Amino acid sequence: MIRISELAIGQGDFRLEDVNLSLPDQCYAILMGPTGCGKTTLIEAICGLRPICNGSIYLGNHNVTNQAAFDRNVGYVPQDSVLFPTMRIDHQIEFALVVRKMAKNDRRQRVAELADLLGIGNILKRFPQGLSGGERQRVALARALAFRPQLLCLDEPLSALDASTKSQISSLLKRVHAQEKVTVLHITHNPTEAVELGTIVFRMVDQKIVQTSS
Amino acid sequence: MSGLGGLYLVLIILLVVVDFQYASWSDIRESLSDERVVFSIYLSLITCSLAAILSIWVAVPTGYVLARLGRDAIQRHLGQKPWLNRLAQFLRHLVDTILDIPIVLPPLVVGISLLVLFQTPVGRSIDHATQSFFSWAGFPGIRGITYEIPAIILAQFTVAAAFAIRTMRNTFEQIDDRPELVALTLGARRFRVFHSVALPQAWPGTVAAFTLAWARSLGEFGPILIFAGTARMKTEVLSTTVYLNFQFGNLRGAVVASLILISVAVVVLVATRLLLLSGRKGGLR
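Figured I'd write up the structure that's included with this text. Here the structure is a predicted model, which means the values were calculated and not measured.

Calculation rules
- Residues numbered from 1 in each chain as written.
- Chains lettered and ligands numbered in written order.
- Predicted model: local features only at pLDDT ≥ 70, side-chain atom pairs only at ≥ 80, totals over all residues.
- Helix = DSSP H or I, 4+ residues; strand = E, 2+ residues; numbered from the N terminus.
- Buried ≥ 20, exposed ≤ 12 C-beta atoms within 10 Å, placed from the backbone.
- Contact = placed C-beta atoms within 7 Å.
- Rg over C-alpha atoms; globule rule 2.2 N^0.38 Å.
- Nonpolar A, V, L, I, M, F, W, Y, C, P; charged D, E, K, R; others polar.
- Core = buried A, V, L, I, M, F, W, Y, C linked by C-beta atoms within 7 Å.
- Pairing = 2+ DSSP bridges.
- Axes fitted to C-alpha atoms, helices over the stretch in contact; angles between N-to-C directions.

**Focus: the overall build of chain B**
- Summing up its helical and strand segments, chain B has 14 helices and zero strands in all.
- Moving toward the C terminus, one meets the helices and strands of chain B in the order α-α-α-α-α-α-α-α-α-α-α-α-α-α.
- Viewed in the frame of its principal axes, chain B has a C-alpha envelope of about 70 × 55 × 35 Å.
- Buried residues in chain B amount to 35% of all 285 residues.
- Of all intrachain contacts in chain B linking residues separated by at least 6 positions in sequence, the fraction that spans at least 24 positions is 73%.

**Things to note about the overall build of chain A**
- The secondary structure content of chain A amounts to six helices and ten strands.
- Relative to the 2.2 N^0.38 estimate, which gives 17 Å for 214 residues, the radius of gyration of chain A is 17 Å and therefore close to what a compact globule would have.
- Projected onto its principal axes, the C-alpha positions of chain A cover 45 × 40 × 30 Å.
- With 214 residues in all, chain A has 46% of them scored as buried.
- When contacts within chain A are restricted to residue pairs at least 6 apart in sequence, those whose partners lie at least 24 apart make up 70%.

**Looking at the interface of chain A and chain B**
- Chain A puts 25 residues into the contact, and the matching count from chain B is 22 residues.
- Breaking the side of chain A that touches chain B down by element, the ones donating at least two residues are strand E1 (2–11), strand E6 (74–77) and helix H2 (89–99) of chain A.
- Along the lines of polarity and charge, the residues of the side of chain A that touches chain B split into 17 nonpolar, five polar and three charged.

**What about the nonpolar core?**
- Ala-142 and Cys-153 of chain A together with Ala-155, Ala-160, Ala-164 and Ala-213 of chain B are the most contacted members of the largest nonpolar core, which totals 127 residues.
- For this core, the element with the highest residue contribution is helix H8 (residues 149–173) of chain B, accounting for 16 residues.
- The residues touching Ala-160 of chain B, leaving out its near neighbours within four places in the chain, are Ala-51, Ala-52, Ser-55, Ala-213, Arg-216 and Ser-217 of chain B.

**Some remarks on the sheet that holds strand E2 (residues 14–23) of chain A**
All names here are of chain A.
- The strand order E2-E1-E4-E5 describes an open sheet built from four strands, whose pairing is antiparallel. Each having just a single partner strand, E2 and strand E5 (62–63) make up the two edges of the open sheet.
- In the sheet, E1 pairs with strand E4 (residues 54–59) via five bridges, with the strands oriented antiparallel. Across the sheet, residue Ile-2 finds its bridge partner in E4, namely Leu-59.
- Along the sheet, helix H1 (residues 39–47) makes contact with E1, E2 and E4, crossing E1 at roughly 115°.

**A closer look at the environment of Ala-68 of chain A**
Residue and element names in this part refer to chain A.
- Along the chain, Ala-68 falls in the loop between E5 and E6.
- Under the C-beta neighbour-count criterion, Ala-68 is labelled exposed, with 12 such atoms within 10 Å.
- Taking the C-alpha atoms as reference, Ala-68 lies 20 Å from Leu-16; in sequence the two are 52 residues apart.

**Remarks on unusual backbone geometry**
- At Asp-18 of chain A, a residue that is not glycine, the phi angle is positive and equals roughly 50°.
- Checked against the element boundaries, Asp-18 of chain A lands in strand E2.
- Under the C-beta neighbour-count criterion, Asp-18 of chain A is labelled partly exposed, with 13 such atoms within 10 Å.
- Even without being a glycine, Tyr-147 of chain B presents a positive backbone phi close to 60°.
- Take Tyr-147 of chain B: it is sitting in the loop between helix H7 (121–136) and H8.
- Here Tyr-147 of chain B falls in the partly exposed class, since 18 other C-beta atoms lie within 10 Å of it.

What follows is the structure, encoded as structure tokens:
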């Protein structure tokens, strides 16, 4: 269970107050809301990239509210993938495993497993320059999943893709969720995505989160 | 606009051409066989390289911290405490301004200030410690810093590092910091993020900063004159060779030393450009 209670975040003049959210384990949660309502700010706070004024964040039984981003075990896929520009794709995917000092063979096995799952085996030796939007999104997903995070945060992962790639990545996200058994928090403002992917849907209304369906 | 640029280009070419016309090849050959000139070439190359390496060593982390402590980052980390936010912004501007001082100071002032600094008790104790270090390292001829070879390196470094820091700061400011944030969520600590994600992207800027620091050190004259002196075969670098020759009425010798200075600078600039290009071809951007 991921639990966020009475969370308050301030960013300049913008403030999110009293945010409450509970995500059952292994659910695919969709958080909807208009542009500028604070969805990305919230997801960055969950990842530990933005300090909070008040409230708490629990991942399972662990209170991670005051933990640094590198200690949280939360995978993050930003809006436009944000790959490391000077790193080869296979090195990007194993980055989190190298940091955790995992043995080389285990790392290679995990990279191969993810490359197979996400269909990126043919681009592992390439650099990010020249990859298509869909390929970049697959690499960003593999990179965030490599260390088996407790929670995977996806910030509008389909928004910058054309219709056919969008449908491919959408099916891929379903498959990844089923196979990796990870709790997903997916931000979008597209209702079709919510219906297609979400097992539980939340909406941000007046800077408060309300559950609309499950 | 392009006409003005063209005029400037012509001016630079003219400066080099007239120097070459003033001195003959036999003058250059004669100078290159003079052991004092050869000594000053070697000393210039060694001190410039050491000063540039030291400058980069200081400039890379300093430029990174200054770039990443921008308004957004301060707000991201201290946004909840406005007074702390304002204090951090003020301190950042203060540090930034202090680091710019060597750029705006007249070179002679840098030399005089270094000389005065090494007359203070702290400076003297550093001088003694340096002398002991060089004796222990097998260079008993280097008796401290002031009026010795270390003074040349310190004088060059004091000015060159400020330019290198400015270049590295601009480099890191132009690099998107979002990959670094993603790297944090992947479990990397700050140093790892800097080393594995930010630094490889800063390769062209680092080469540019090194070149600038090196070129700046090569052309440094005022602080060296005051702080290291112009003792022949001891603290004489190419820029001081030009000065000494001119001072003793040997204009031809001064021009030849200038030509050697120009040639060395051009070789290093071309080599740096080639290094940058090869880095780009290798996937570094």
